[in-house]
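Descriptive analysis of the structure
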Amino acid sequence: MNHPVLEKSQIIKASIISFILGAVLLVVAVMPAEYGMDPTGAGDLLGFNRLYVPESDQDNDLGTIVATVNLPLIKLEKAGSGPDVARPVEADFPAPDEQLSNREDETQVIVPAGKGIEFKINMLKYGTVKYEWTTANNEVLYFDFHGEVKQKEEVKDVYFESYTIANSNNMVGTFLAPYEGKHGWFFRNSSNEDVVVNLRLKGQYEL
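Computed from a predicted structure; not experimentally measured.

This paragraph deals with the overall build of the protein chain. When helices and strands are tallied, the protein chain shows three helices and eight strands. From first element to last, N terminus to C terminus, the protein chain shows the α and β order α-α-α-β-β-β-β-β-β-β-β. In the protein chain, which comprises 207 residues, the proportion classed as buried is 29%. Considering only intrachain contacts with a sequence separation of at least 6, the fraction spanning at least 24 residues in the protein chain is 78%.

Next comes the structure, spelled out in structure tokens:
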């Protein structure tokens, strides 16, 4: 068999071409996809920069997954005030002829390290509100979204119903109040640092 023998000039030419192609791929594809740098704009044109994910986002997502996996399961028995507390008659009062005026608010709730705190709004029966809350740095909190019936007389054991109980860093929804009273969230922070919750509200309520 006769093997082709490349001349020295051909080897040098092939090496230069390979080096140029490698440099082009580095600038056009690798840098935009791996490091978020696109000096020529070709990465944006070809879509390689869409593959780039900042390390901070990756760390936050991983931290959220790990924190959620280590949390205990929430059981049905945690929802509401329990069978020993009777539902008050005020819960079945008819809805008013007029609802509260519509309003919109944005506020922050600071949940202290290792503690819990409540944020409530006053609503009439069948009043509606849209809500959104998000922790400032993607921290996961335990929360109980619940409501307490407004009663004519103060009682030792307050009747309440839980609408949603979970561990999360974000919640969005629309709520229809089943009775007049205070409705809102209990947040519990199990970490060693305070957590800021950014809250948005829009609907028929009073702070």
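Moving on, we get to the confidence of the model for the protein chain. Within the protein chain, residue pLDDT values average 87, and 88% of them lie at 70 or more. The model gives residues 62-66 a pLDDT under 50, and that stretch makes two contacts with residues more than four places away or in other chains.

Core analysis: the biggest nonpolar cluster contains 21 residues, and Trp133, Trp185, Phe187 and Leu201 have the highest contact counts within it. Per-element tally for this core: the top contributor is strand β8 (residues 195-204), with four residues. Beyond its immediate stretch of four places on either side in the chain, Leu201 contacts Arg103, Glu104, Asp105, Phe119, Ile121, Val129, Lys130, Tyr131, Trp185 and Leu207. With five residues, the next largest nonpolar core counts Val85, Ala91, Val149 and Tyr179 among its residues.

The rules we used
- Residues numbered from 1 in each chain as written.
- Predicted model: local features only at pLDDT ≥ 70, side-chain atom pairs only at ≥ 80, totals over all residues.
- Heavy atoms only, no water.
- Helix = DSSP H or I, 4+ residues; strand = E, 2+ residues; numbered from the N terminus.
- Buried < 20%, exposed > 50% of the residue type's maximum accessible area, 1.4 Å probe, protein only.
- Contact = heavy atoms within 4.5 Å.
- pLDDT = per-residue confidence, 0-100.
- Core = buried A, V, L, I, M, F, W, Y, C linked by side-chain atoms within 4.5 Å.

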